[in-house]
Amino acid sequence: MNSSFASFAGLDLLASAVLLIDEDLRVRYVNPAGENLLAVSSRSVESKPLLTICTCPPSLQSAFDNGLHNNWGYTGQNLELKRHDGELLHLNCTVTPLRPDMAPGVRLLLELQPIEQQLAATREEQLIQQQQANRELIRNLAHEIKNPLGGIRGAAQLLEHELANPSLKEYTQVIIKEADRLQDLMQRLLTPHRAMLPTTVNIHEILERVRSLLTAEFPGSLAMRRDYDTSLPELVGDREQLIQAVLNIARNAAQAMEGEGEIVLRTRSLRQVTLAKKRYRLAMEIKVIDNGPGIPEAIRERMFYPLVSGREGGSGLGLTIAQNFVQHHGGTIDCSSHPGNTVFTLRLPVEPA
């Protein structure tokens, strides 16, 4: 640190990013946390304009002007700042004007606090609450629909026996088949609510089962690639639920690519992570990656909702069931998607919270 900034020596110890800026908005100092956040070194950015290091929103630009000319402080919440390498950062920001005698040549102290984890936790909590309400609604609807369907099917069968004209039985068969189809749909809506049957499972055996099923379903045209961390320990879970969760995701990917493309099954370990508002020392991460067309933007925010599908003829239940099963295990599931790269990430705890 420059000797003129000796009074700010404690800034090196802070966890939040701090920059000292002169009246020309040139960086005079950045602490280690700022170096990490902005992906720069203090030596490389010293005396360089701040705008060459990052792109600031208009509200922050205005705060600089007010701080320099009116000696006003500023605090902004959830600002978007783009780094020089293009990465977008979500931050809380404080601009503090400094007296000239505090550090010669320095006029503003800029403090940046990343809030990505806070935003992710808030989104996760809102999503969980919304999904619980949706599941309860769907479950109640499924029960209400399932009971009358049995009566409709039974009445159609009785009517079929009474019809003398064989050609008219074609219509009763339509009623019976459609009632059976709807009964199956209702049963699938209710299936995720069955009790778990926990046992000790190896996640790679589950992934290999999924791989063999899809290879048999799409022979020759679908490439299934492994990228496993074989050091992962076993976990306690419901084997069938986990197979179904991963299979639903991978099958959706294969169907979106019409059976032609590549799916990568990847596993990694995670340490000291928070899943569903609980802290775990050890967890595992399973990624299902495909190079297909991507998920339509119109449904990305709703893709885990029941009966939402981006594929013609799809039931819209595969991802809903997968999410339910992952949540049964105390885990989380999320997705990032653009054409040529869609990644579903499942995170499961390996030990009790």
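All values derive from a computational prediction rather than experimental measurement.

Student: Hey, could you run me through the overall build of the protein chain in this one?
Tutor: Each helix and strand in the protein chain was counted, giving eight helices and 13 strands. Among the 353 residues that make up the protein chain, the fraction classed as buried is 41%. A sequence separation of at least 24 residues applies to 62% of the contacts in the protein chain between residues at least 6 apart. On the protein chain, roughly 19100 Å² of surface is accessible, and the fraction owed to carbon and sulfur atoms is 51%.

Student: Help me out: how do you make sense of the pattern of salt bridges in this one?
Tutor: Between side chains of opposite charge, pairing is possible as soon as their charged atoms come close. Per the counting criterion, the structure on display carries 13 salt bridges. The shortest N-O distance in the salt bridge between R268 and D227 comes to 3.1 Å. Remark: D227 occurs in strand β8 (residues 222-227) and R268 occurs in strand β10 (residues 261-275); sequence separation between them is 41 residues. Residue E285 is joined to K287 by a salt bridge in which the shortest nitrogen-to-oxygen separation is 4.0 Å. A relative accessible area of 11% means that E285 is categorised as buried. If you follow the salt bridges from partner to partner, you end up with E285, K287, D334 and R347 in one network.

Student: Could you clarify how one ought to interpret the environment of Q323 in this entry?
Tutor: Inspection of the secondary structure assignment puts Q323 in helix α8 (residues 318-328). Along the backbone, Q323 and I333 are 10 residues apart, and their C-alpha atoms lie at a distance of 6.4 Å.

Student: Please clarify how the side chain of T172 should be interpreted in this entry.
Tutor: Summarising the element assignment, T172 is placed in helix α5 (residues 169-190). Only 3.1 Å separates the side chain of T172 from the side chain of E160, close enough to count as a polar contact. Beyond its immediate sequence surroundings of up to four residues, T172 is in contact with A156, L159, E160 and L163.

Student: Got a minute to help me understand the sheet that holds strand β6 (residues 108-114) in this structure?
Tutor: Strands belonging to one sheet form pairs held by backbone hydrogen bonds; the direction of such a pair is parallel or antiparallel. Within the open sheet, the six strands sit side by side as β2-β1-β6-β5-β4-β3. Their pairing is antiparallel. With partners counted over all chains shown, the strands left at the sheet margins are β2 (27-30) and β3 (54-55), one partner each.

Student: Help me understand the side chain of D229, please; the structure alone is not making it clear to me.
Tutor: Note on placement: D229 falls in the loop between β8 and β9 (235-237). Although D229 is buried, it makes no salt bridge; R268 carries the closest opposite charge, 6.0 Å away. Each residue touching D229, except ones within four places of it in the same chain, is listed here: H204, T267, R268 and S269.

Student: Is there a simple way to think about the environment of L37 in this case?
Tutor: Examined against the element boundaries, L37 turns out to sit in helix α1 (residues 32-38). Considered as a pair, L37 and P114 are 77 residues apart in the sequence and their alpha carbons are 8.1 Å apart. Excluding residues within four positions of it along the chain, L37 makes contact with A17, R83, L89, L91, L112 and P114.

Student: I keep staring at the sheet that holds β10 and nothing clicks. Help me out?
Tutor: Ordered in space as β8-β10-β11-β13-β12, the five strands form an open sheet in which the pairing is mixed. At either margin of the open sheet sits one strand with a lone partner, and together these are β8 and β12 (332-338). Going from strand to strand, the sheet's axes swing by 20° on average, the running direction of each strand aside. Across 12 bridges, β10 lies against strand β11 (residues 278-290) in antiparallel orientation. The partner of T267 across the bridge, within β11, is I286. Contacts from helix α6 (residues 203-217) reach β8, β10 and β11 within the one sheet, and its direction differs from that of β8 by about 170°.

Student: What exactly am I supposed to notice about the nonpolar core here?
Tutor: As a rule of thumb, nonpolar side chains are buried together in soluble globular proteins. Counting 42 residues, the largest nonpolar core has L214, L222, I249, I263, M284, V288 and F344 as its most contacted members. It is helix α7 (residues 239-256) that contributes the most residues to this core, nine residues altogether. With near-sequence residues (within four places) excluded, F344 lies in contact with I249, I286, K287, V288, I295, M303, F304, L319, I333, D334 and C335. One finds V40, L79, L91 and L112 within the second-largest nonpolar core, a separate group that totals 27 residues.

Parameters at a glance
Residues numbered from 1 in each chain as written. Predicted model: local features only at pLDDT ≥ 70, side-chain atom pairs only at ≥ 80, totals over all residues. Heavy atoms only, no water. Helix = DSSP H or I, 4+ residues; strand = E, 2+ residues; numbered from the N terminus. Buried < 20%, exposed > 50% of the residue type's maximum accessible area, 1.4 Å probe, protein only. Contact = heavy atoms within 4.5 Å. Areas by Shrake-Rupley, 256 points an atom, 1.4 Å probe, with all protein chains shown as cover. Salt bridge = Lys/Arg side-chain N within 4 Å of Asp/Glu carboxyl O. Polar contact = N/O pair within 3.5 Å; in protein donor to acceptor, adjacent residues only side chain to side chain. Pairing = 2+ DSSP bridges. Lys, Arg positive; Asp, Glu negative; His and termini not counted. Axes fitted to C-alpha atoms, helices over the stretch in contact; angles between N-to-C directions. Core = buried A, V, L, I, M, F, W, Y, C linked by side-chain atoms within 4.5 Å.

So, to be careful, I would describe these as geometric facts and stop short of saying anything about function.
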